[in-house]
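Remarks on the overall topology
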Amino acid sequence: MYRWEGVNEFVAVAETESFTRAAKRLGVSTAQVSRQVSALEARLSTRLFYRTTRRVSVTEAGQIFYQHCRQVLDALEQAERSITNMQLVPRGRLRLTAPVTYGEKSIAPLVNDFVLRYPELDVDMKLTNQTLDLVAEGYDLAVRMGKLQDSTLMARRLASRTLYVCASPDYLATHGTPHSLSELANHNCLLGNLDYWRFQELGQPRNVRVTGNIRCDSGRALLDAALKGIGIVQLPDYYVQSALDSRLLIPVLTHYQEDDDGIWAVYPHNRHLSPKIRLLLDFLSESLKPGGSPLDAANVDY
């Protein structure tokens, strides 16, 4: 069986580059740290540190030994934490952010249900369409839509969304049905925050610039305009699915429809994900998946 004497002392010295600081971290005397490290070096028959009166540095052998020791200690800490977390009830402050209307209609009600389960939580939820810096501003989690930008954040897909281009039967009867992307130039396209719509052509993504006489950052308002026959709209399924099912809206250009993209939870990279965040992620994922808690046709920012 492996002897652990001196390993914690060695790791503390390697990380602090000081026997004195290592002793302070471990709550023991500097002499004890020095004795343990010296005994470890004798057992390994190798020098782990270069020592001078001014500094301590790790040798090449020490670097190799440190990497393995750090992995083992991390694994032991994680094992202990896993057992400890089983006994914990989520409590304390929980900070999250989501897009405004999607947050109001879909995320906030689920978070409220989560708080009912775990009333010792203190939730601080900010609804904004801005992309916040989670680390700098101290947020535990953010809900984001669509394609994610590269970042150091961790991400978990909560649900999928499909973008539909559709119009009312009256509009199509009057203005015709487009069968190619170029024909959109001849139609009144109801615009959200962007000047283009997203498609896929020959397996490749393609953005098509469109124009129309209504621009609004509310998906609900654009849905209403489409239902009233004013123009064609591109919206996610959770706006239009009911209208499509009842034939109040007709999908068009379906052979150019982009692959489904995601509704994501993103959170700072953390080796030890806290129980409250892990449980919230599981709760949101379970509630938002098909057959879970149904999504309202909300004004989703995208």
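Above this note sits the structure.
The sections below set out a description of the structure shown in this document. In every chain, residue numbers begin from 1 and rise along the written sequence. Local features in this predicted model are restricted to residues whose pLDDT is 70 or higher, and side-chain atom pairs enter the listing and the counts only when it is 80 or higher, whereas totals over whole chains, interfaces and linings include all residues. In computing side-chain values, all of the structure's heavy atoms are included and hydrogens and water are not.

Attention shifts here to the sheet that holds strand 6 (residues 154-161). Strands are treated as partners if at least two bridges between them are detected by DSSP. Numbering of helices and strands runs from the N terminus, with a helix taken as a DSSP run of H or I at least four residues long and a strand as a DSSP run of E at least two residues long. Pairing is mixed in the open sheet, where five strands are placed in the order 4-3-5-13-6. Every interior strand has two partners, whereas the edge strands, strand 4 (121-127) and strand 6, have only one. Going from strand to strand, the sheet's axes swing by 20° on average, the running direction of each strand aside. Pairing between strand 3 (residues 92-98) and strand 4: seven bridges, direction parallel. Comment: axis = line fitted to C-alpha atoms, over the contacting stretch for helices; angle = value between 0 and 180 degrees taken between N-to-C directions.

Its place among the elements puts Val135 in helix 6 (residues 134-137). The buried label applies to any residue whose accessible area, calculated with a 1.4 Å probe on protein chains only, is under 20% of its type's maximum; exposed applies above 50%, and partly exposed to all values in between. A residue is classified by how much of its surface remains accessible, and Val135, at 60% relative accessible area, is exposed.

Looking now at the pairing of strand 5 (residues 141-145). For strand 5, the tally of buried residues reaches five of five residues, placing the bulk of the element in the interior. Along strand 5, one buried face is formed by Leu141, Val143 and Met145 and the opposite face, lined by Ala142 and Arg144, is buried too. Pairing between strand 3 and strand 5: two bridges, direction parallel. What sits directly across from Leu96, in strand 5, is Leu141. Of the pairings in the sheet, the one linking strand 5 to strand 13 (residues 261-267) comprises four bridges and is antiparallel in character.

Looking now at helix 1 (residues 7-16). Counted residue by residue, helix 1 has eight buried out of 10 residues, so it is predominantly covered. For helix 1, every residue scored as buried is listed here: Val7, Glu9, Phe10, Val11, Ala12, Val13, Ala14 and Thr16. Glu17 sits one or two positions beyond helix 1 and adopts a positive phi of about 55°.

This part takes up the packing of aromatic side chains. To pair, rings of Phe, Tyr and Trp, with the six-membered ring standing in for Trp, must have centres within 6.5 Å; the planes then decide the type, stacked if under 30 degrees apart, edge-to-face if over 60, and tilted in the middle. Summed over the entire model, instances satisfying the criterion amount to five aromatic pairs. Here the aromatic rings of Phe19 and Phe49 are separated by 6.0 Å at their centres, their planes lie at 70°, and the arrangement is edge-to-face. Here Phe49 lies in strand 1 (residues 49-51) and Phe19 lies in helix 2 (residues 19-26), a separation of 30 residues in the sequence. On the accessibility criterion, Phe19 (11% relative accessible area) is buried. A relative accessible area of 1% places Phe49 in the buried class. On the basis of an interplanar angle of 45° and a centroid distance of 5.6 Å, the ring pair of Phe114 and Phe283 is categorised as tilted. Here Phe283 lies in helix 10 (residues 275-288) and Phe114 lies in helix 5 (residues 100-117), a separation of 169 residues in the sequence. The pair Phe114 / Phe283 is uniform in exposure class, with both members buried.

Turning our eyes to something else, we now look at unusual backbone geometry. Backbone geometry at Arg247 places phi at a positive 65°, although glycine is not the residue there. Considering the arrangement of structural elements, one finds Arg247 in the loop between helix 9 (237-245) and strand 12 (250-252). When its relative accessible area of 53% is taken as the criterion, Arg247 is described as exposed. The phi dihedral of Leu253 is positive, around 55°, even though this residue is not glycine. Along the chain, Leu253 turns up in the loop between strand 12 and strand 13.

Everything listed here is a matter of geometry and, on its own, says nothing about what the molecule does.
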